[in-house]
Amino acid sequence: MSSLLPEADTVSPRNILFIGGTGVISAAAAERAVALGHRLTILNRGRSAGRPVPDGAEVLHADIRDTEAVREVLRGREFDAVADFISFTPGHARAGLEMFRGRTGQYVFISSASAYQKPPNTLPIRESTPLKNPFWKYSQDKIACEEMFFEAYREQDFPVTVVRPSHTYDRTKIAMVGGWTDIHRMRAGMPVLVHGDGTSLWTLTHSRDFAKAFVGLLGRPQAVGESYTITSDEFLPWNQIYRLFARAAGVPEPELFHVSSETIAAHSKELGPNLLGDRSHSVVFDNSKIKALVPDYKATIPFADGAREIIDWHDQHPELQVVGEDFMELSDRLYEWSARGVAGR
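Residues numbered from 1 in each chain as written. Predicted model: local features only at pLDDT ≥ 70, side-chain atom pairs only at ≥ 80, totals over all residues. Heavy atoms only, no water.

### Digging into the packing of aromatic side chains
Piece 1. Across all of its chains, the model carries 16 aromatic pairs by this definition.
Piece 2. Residues F18 and F85 carry aromatic rings whose centres are separated by 5.0 Å and whose planes lie at 70° to one another, so their mutual orientation is edge-to-face. Here the residue F18 occupies a position in strand β1 (residues 15-19), and F85 occupies one in the loop between β4 (81-84) and α3 (90-100), the gap between them amounting to 67 residues.
Piece 3. Judged by relative accessible area, which is 0%, F18 ranks as buried.
Piece 4. Residue F85 is classed as buried on the basis of its relative accessible area, which comes to 10%. (Phe/Tyr/Trp six-rings, centres within 6.5 Å; stacked < 30°, edge-to-face > 60°. Helix = DSSP H or I, 4+ residues; strand = E, 2+ residues; numbered from the N terminus. Buried < 20%, exposed > 50% of the residue type's maximum accessible area, 1.4 Å probe, protein only.)

Take a look at the structure:
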């Protein structure tokens with residue numbers, strides 16, 4: 001363990017609470033926190049078995065939306081840092097303020113890089129980039145949560161730190177719009193839908209890389225009142241992301257076809273907000289602020305390796321290879337539509 005985490009001997013153990021703890025981001029952070037010797041407590045409902053809690057972490061079961069149940073299991077406890085992975089609305093944020101005011105030295109709210117201005121006026125995106133997303137309610141709610149927390153910091157000294165991850169993945173998450181359905185289409189020799197012209201730039205961050213920076217800022221008083229972007233420094237065009245998945249899946253050259261995000265959104269209310277509010281825009285991030293706070297932070301897992309890890313995991317778990325009939329139909333319909341458009345030119 002020490003060879004993988006040479007800094008572990010120099011880290012002072014902190015008393016940390018994770019609200020959540022078994023998601024893509026939080027599970028990797030929990031594993032690292034325990035490996036570094038922190039005293040980690042995980043509070044969740046105990047309903048997720050996909051990502052196990054690391055040995056050495058204490059687990060408390062309560063629904064964070066049940067205020068009285070949470071107060072009971074946390075009675076008398078205080079923490080150096082509380083990390084909130086599952087607040088998505090202003091109501092959730094308000095409950096967090098009321099629950100943890102006066103009982104933690106730092107409250108880390110996990111927001112989203114999708115809250116940054118869309119489309120961005122300048123690249124790279126920094127913490128000073130305005131927060132504005134007119135397309136996606138998820139992002140608008142995260143912005144509203146941030147505003148509530150920072151107001152509480154200014155007026156009540158509530159010790160908030162905001163973290164904005166972008167597209168963070170682990171071996172269970174396929175980054176393409178169609179998920180496993182796109183892998184199925186590649187392997188079957190079927191055309192695969194790519195939004196836009198495939199040249200917009202995207203940043204994908206492995207959860208293990210994210211965890212290095214995230215755990216590094218926990219319990220740091222200089223992080224209170226601040227916001228931090230945490231992503232990889234690697235950015236790739238979407239065409240390349242799809243080709244890396246294809247290569248990992250054993251498909252030398254997939255047949256990709258392109259349809260504008262606006263057209264996809266017009267055909268799919270489910271996909272539209274995420275495409276128009278996030279994926280259709282080029283995103284390149286400046287991570288200098290988090291690197292100044294956590295000097296040893298560096299994302300080291302290239303997405304070429306991440307794609308292989310994802311495909312290997314799904315090949316070992318055929319029960320996860322779910323082909324979505326709705327997305328199959330949408331892909332076929334838009335392929336025919338695009339082919340007619342090309343033929344009519």
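Structure shown, so let's carry the discussion forward.
### A closer look at helix α5 (residues 180-187)
Piece 1. When you tally the buried positions in α5, you get six out of eight residues, the bulk of the element.
Piece 2. Among the residues of α5, those classed as buried are W180, T181, D182, I183, R185 and M186.
Piece 3. Two residues or fewer after α5 comes G189, characterised by a positive phi angle close to 75°.

### Observations regarding the pattern of salt bridges
Piece 1. Taken as a whole and assessed by the stated rule, the structure comprises 15 salt bridges.
Piece 2. Two residues, D315 and R187, come together in a salt bridge whose shortest N-O distance is 3.0 Å. Here R187 lies in helix α5 and D315 lies in helix α11 (residues 303-316), a separation of 128 residues in the sequence.
Piece 3. On the basis of relative accessibility, which here comes to 38%, the residue R187 falls in the partly exposed class.
Piece 4. When the shortest N-O distance is used, the salt bridge between D209 and K212 registers 3.0 Å. On the criterion of helical spacing, the pair formed by D209 and K212 is a turn pair, its members being three residues apart in helix α6 (residues 207-217).
Piece 5. Residue classification places D209 among the buried positions, given a relative accessible area of 1%. (Salt bridge = Lys/Arg side-chain N within 4 Å of Asp/Glu carboxyl O.)

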